[in-house]
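# Structure at a glance
What follows is the residue order along each chain.
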Amino acid sequence: MTILAEEIGQKYELVVGLEVHAQLSTLSKMFSSDSAAFGAEPNHHISAISLGHPGTLPRINKTAVEYAVKMGLACNCTINMQNTFARKNYFYADLPKGYQITQDQHPVCLGGHITVKLADGSSKKLAIHHIHMEEDAGKSMHDSQCDDSFIDLNRAGVPLLEIVSEPDMRSAEEAGQFLTEIRKTLRYLDICDGNMEEGSMRCDANISVRLKGQTTYGNRCEVKNLNSIRNVQRAIEHEFVRQINLIEKGEYIDQNTLNFNADTGETSVLRSKEMANDYRYFPEPDLMPIVLDEAYVNRVKQAMPALPAQLYQKYTTQLGLSDYDAGVITADKELAMFFEELIKHTANHKAAVHLLMGPVKSYLNEHSAHITDINVQPKYLAGLIRLVDDGLVNNTVAYHKLFHALLKSPGKTAEQLAAELNLLISTNTNEVDEYISAAIAKFPDKVKEYQKGKKGVVGLFMGEIMKLSKGKIDPQKTNQLLIKELESK
């Protein structure tokens, strides 16, 4: 591909809209009682309904409707009280009925937006056009060693939410942040695991370019079934360059459906782009409309958990945490829930953050583990913070010795372990005086340097005192006593 000159790229504006397909974490499928669980042997979670046998009738999964309403509320959408389904007609080998039951004219959620934070510190509201419910198709697998294709229909009929954005994104970064926020929201609501690698969340990107200042859109190409946020961004970046190069050559951009090759980072034509009339939508005759009311929507709303934006606001305003710390904690639902439980047992919120971002995170990274794998209850970690706050152990002992002792003995409190391991700070002033005297005696030359104004040598003495005391001192008080002693020499 021609390399795009920077000055040419600045003439054009990127326009991106995303269609995000989220597989809902229901026990059964959208219109049948088949299991919707992932990972079964091929064609085990099927029935006459999901196989599209003549005479079978669909029934709506109530939990899927509830999940759709939750997502709409979380995305600031208007909930449509009168919902209908439609048949979207097209033939694939992995779509047994020859049509997909979806929503067309009356989707469950209308409008809405997601707010994203960008690398430059700015925020942007990205508009949502609508969210609709539908069923998934099966899965086709093509063996490279032969001409056969294999069909697994376990996924056929699994409930999906399709979140359709407006063409509001003007960079690959904005698209990546939109997907990140959508996935985070799905996980907080516990309605989809957001695992793009397993296909429980997939993304199609509609990409076009236009001259800056223009209001009309250029011909768009749709890149299908992108399976990671990074690949979505790579596909967008590639298409931006490809389409501008074509325009600069005076060529026409065909409105095609594209495939993205993750190995090469390039797109290729999959088929000509379908339009809405190609699908021959018509009302689904076997399903009655879904009629919701305000009481139902309010019940769903009241049962919703705190969402990332709400927790972020709480942490930065009420708890006084930094933007960075609040962002790291809320990025992961389980970490946020662990932190929420931790601060029930301690009012020292900043110490709780330092504990999570320091020793806890280091431990998890070293063991390739997740916060859900840690075997220490938050209330016991709060006990660790309390010991430091009460001056009974110092930070070094707490984080490097006592924390690991808690991991090895998860049923014991920090107070019990500190006493058993003899880690409590000594209140014997005679012992502290002996440590100070020993450190000063060991470095007589450094004492002279201190007296000549080189105050930085205090750290050397404190290091020696910490070693002699095995950390069982109050660093602040000991530092004051040490300076007093050095000043008297």
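Residues numbered from 1 in each chain as written. Predicted model: local features only at pLDDT ≥ 70, side-chain atom pairs only at ≥ 80, totals over all residues. Heavy atoms only, no water.

### Side note on the nonpolar core
The tendency in soluble globular proteins is for nonpolar side chains to be buried side by side. Ranked by size, the top nonpolar core spans 114 residues in total, and within it L18, M71 and F339 carry the most contacts. Beyond its immediate chain neighbours, meaning those up to four positions away, F339 contacts Y315, L319, L321, I329, H349, A352, V353 and L356. In terms of nonpolar packing, the next biggest core, distinct from the first, is built from 13 residues, F443, V457, V458 and M462 among them. (Core = buried A, V, L, I, M, F, W, Y, C linked by side-chain atoms within 4.5 Å. Buried < 20%, exposed > 50% of the residue type's maximum accessible area, 1.4 Å probe, protein only. Contact = heavy atoms within 4.5 Å.)

### Description of the sheet that holds strand 16 (residues 282–283)
With antiparallel pairing, the three strands of this open sheet are ordered in space as 5-4-16. Either end of the sheet is taken by a strand with one partner, and the two such strands are strand 5 (99–102) and strand 16. Where strand 4 (residues 86–89) meets strand 16, two bridges bridge the pair, whose relative direction is antiparallel. Bridged to R87 within strand 16 is F282. (Pairing = 2+ DSSP bridges. Helix = DSSP H or I, 4+ residues; strand = E, 2+ residues; numbered from the N terminus.)

### Observations concerning the pattern of salt bridges
With the rule as written, the count across this model stands at 19 salt bridges. K184 is paired through a salt bridge with E181; the nearest N and O atoms lie 3.2 Å apart. Placement of the pair is K184 and E181 together in helix 3 (residues 172–189), with a separation of three residues, close to one helical turn. Relative accessible area serves as the criterion here: at 14%, K184 is assigned to the buried category. (Salt bridge = Lys/Arg side-chain N within 4 Å of Asp/Glu carboxyl O.)

### Structural notes on the side chain of D204
Locating D204 in the fold gives a position in strand 12 (residues 201–211). Within polar-contact distance, the side chain of D204 engages the backbone nitrogen of N225 at 2.8 Å. Residue contacts for D204: discarding those within four places in its chain leaves G17, L18, E19, H21, E222, V223, K224 and N225. (Polar contact = N/O pair within 3.5 Å; in protein donor to acceptor, adjacent residues only side chain to side chain.)

Limitation: the analysis is restricted to geometry and does not speak to function.
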